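A structural walkthrough
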Amino acid sequence: MGKTLPSHSLFVLIVKSADQMEFDVFVVSRSWSIFGDTDEVKSVSVLEGDSVSLNTDVKIQRDDMILWMFGPQNTRIAEIIKRDQINFIFVSNDERFRDRLQMDNQTGSLTIRNIRSEHSGLYKLTVISEKTSLKSFSVTVYAPLPSPVITSNSSNCSSSSSSSSVSNCSLLCSVVNVSAVTLSWYKGNSLLSSISVSDLSISLSLPLEVEYQENNIYSCVINNPITNQTTHLENMKLCHICPGTSVAILTLFSVVVLLKL
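As annotated in an unreviewed UniProt entry, the protein is CD48 antigen-like from Carassius auratus.

Structure (structure tokens):
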């Protein structure tokens, strides 16, 4: 739902260069902030290096104005003013956005190309026509995820009976330089354990103690809201059978044979 501007609001159009159609637009109001309380905040997640489009969902009409601002300082990064059949377009040359911004001259929708972590933040859209509509986009940029690395800390043997031994294997899944991720261990499709962090650029490890069984498949998965990476441990290749296991099985087999004789 849009908001009608108060009658004492004043729009000032300052032409900086007539031949290049450069201009500045300011909104002055004694009692109302142009951004005030937005009607909608949309969360957008994107992978670093990709492109993202922030859509206005409008079609620009004569005398309409589209204004985009970014960050806590409300830095003006793009705008369109339509006068008759001419679109006056401004796109910021701010170092953070240089050669990355593109505006749709029919809708004012904003596309950010080759996005980086520094572009995370709040983007504020103001559409000024017969009514003024406000919208905000909270953009979160995630770094590409590394593949988890699985290592074996040790292979410990313990006797469960006089005739057999069991191999217990200590596994460790690790990732480095990650943020806002969840690291998890799976046995097949069953979740065994997980840990989540929101810190910036940390190393993360998750241990797992397993019993050696040839047919089990374990997986370590790292994920954020938009992507994941998985490393599988098949056939327990990092774990070792206890040295005495084969001897114990052979001894038991020999006893059984002698009893039958």
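A count of helices and strands for the protein gives one helix and 18 strands. Of all 261 residues assigned to the protein, the portion counted as buried reaches 36%. Expressed as a percentage of contacts within the protein between residues at least 6 apart in sequence, the contacts between residues at least 24 apart total 56%. As presented, the protein carries roughly 15,200 Å² of accessible surface, and 51% of it is formed by carbon and sulfur atoms.

Tracing the backbone shows W185 in strand β14 (residues 181-187). When its relative accessible area of 0% is taken as the criterion, W185 is described as buried. Between the C-alpha atom of W185 and that of L206, which follows or precedes it by 21 residues, the distance is 7.9 Å. A distance of 2.8 Å separates the side chain of W185 from the backbone oxygen of L206, its partner in a polar contact.

Another point: the side chain of S92. Mapped onto the secondary structure, S92 falls in the loop between β7 (86-91) and β8 (101-103). What makes S92 buried here is its relative accessible area of 9%. Among the polar contacts made by the side chain of S92, one reaches the main-chain amide nitrogen of D94 at a distance of 2.9 Å. Apart from residues lying up to four places away in sequence, S92 is in contact with R76 and I77.

A word on the packing of aromatic side chains. Counted under the stated rule, the structure contains four aromatic pairs. Residues W68 and F137 carry aromatic rings whose centres are separated by 5.7 Å and whose planes lie at 40° to one another, so their mutual orientation is tilted. Taken together, the residues W68 in strand β5 (residues 65-70) and F137 in strand β11 (residues 132-142) connect sequence positions 69 residues apart. For W68, a relative accessible area of 0% corresponds to the buried category. Consider the rings of F70 and Y123, whose centres lie 4.5 Å apart with planes at 40°: the pair is tilted.

Let's shift gears to the sheet that holds strand β6 (residues 75-83). Think of a sheet as strands paired side by side through backbone hydrogen bonds, with each pair either parallel or antiparallel. Strand order in the open sheet formed by six strands is β3-β11-β10-β5-β6-β7, with mixed pairing between adjacent strands. The open sheet has two edge strands with one neighbour each: β3 (41-47) and β7. Pairs of neighbouring strands in the sheet enclose a mean axial angle of 15°, with direction left out of account. Bridge analysis of β5 against strand β10 (residues 121-128) gives six bridges, and the strand direction is antiparallel. By the bridge assignment for β10, W68 is matched with L125.

Moving on to the pattern of salt bridges. All chains considered together, the criterion is met by five salt bridges. For the salt bridge of D57 with K135, the shortest nitrogen-to-oxygen distance reads 3.2 Å. In this pair, D57 is assigned in the loop between β4 (52-54) and β5 and K135 in strand β11, connecting sequence segments 78 residues apart. Between D63 and R83 there is a salt bridge, with the nearest N and O atoms lying 3.8 Å from each other. Of this pair, D63 sits in the loop between β4 and β5 while R83 is found in strand β6, placing the two residues 20 residues apart along the sequence.

One covalent bond between the sulfur atoms of two cysteine residues makes up a disulfide. Across all of its chains, the model carries one disulfide by this definition. Two residues share a disulfide in this structure: C173 and C220, whose sulfurs sit 1.8 Å from each other. Looking down the S-S bond of the C173 and C220 bridge, the torsion is -90°, so its handedness is left-handed. Taken together, the residues C173 in strand β13 (residues 164-178) and C220 in strand β17 (residues 217-223) connect sequence positions 47 residues apart.

Now for the nonpolar core. The tendency in soluble globular proteins is for nonpolar side chains to be buried as a group. Membership of the largest hydrophobic core comes to 23 residues, with the highest contact counts inside it found for L54, I66, W68, I77, Y123, F137 and V139. When contributions to this core are tallied by element, the ones reaching two or more residues are β3, β4, β5, β6, β8, β9 (110-112), β10 and β11. Formed by 20 residues, the second largest nonpolar core is a distinct cluster that contains V178, L183, L208 and C239.

Pairing of β5 with β6 involves six bridges; the strand directions are antiparallel. Pairing of W68 across the sheet is with A78, part of β6. Hairpin remark: β6 followed by β7, antiparallel, with two residues in the connecting loop; positive phi at D84, about 55°.

Cut-offs used in this document
- Residues numbered from 1 in each chain as written.
- Predicted model: local features only at pLDDT ≥ 70, side-chain atom pairs only at ≥ 80, totals over all residues.
- Heavy atoms only, no water.
- Helix = DSSP H or I, 4+ residues; strand = E, 2+ residues; numbered from the N terminus.
- Buried < 20%, exposed > 50% of the residue type's maximum accessible area, 1.4 Å probe, protein only.
- Contact = heavy atoms within 4.5 Å.
- Areas by Shrake-Rupley, 256 points an atom, 1.4 Å probe, with all protein chains shown as cover.
- Polar contact = N/O pair within 3.5 Å; in protein donor to acceptor, adjacent residues only side chain to side chain.
- Phe/Tyr/Trp six-rings, centres within 6.5 Å; stacked < 30°, edge-to-face > 60°.
- Pairing = 2+ DSSP bridges.
- Axes fitted to C-alpha atoms, helices over the stretch in contact; angles between N-to-C directions.
- Salt bridge = Lys/Arg side-chain N within 4 Å of Asp/Glu carboxyl O.
- Disulfide = S-S within 2.5 Å.
- Core = buried A, V, L, I, M, F, W, Y, C linked by side-chain atoms within 4.5 Å.

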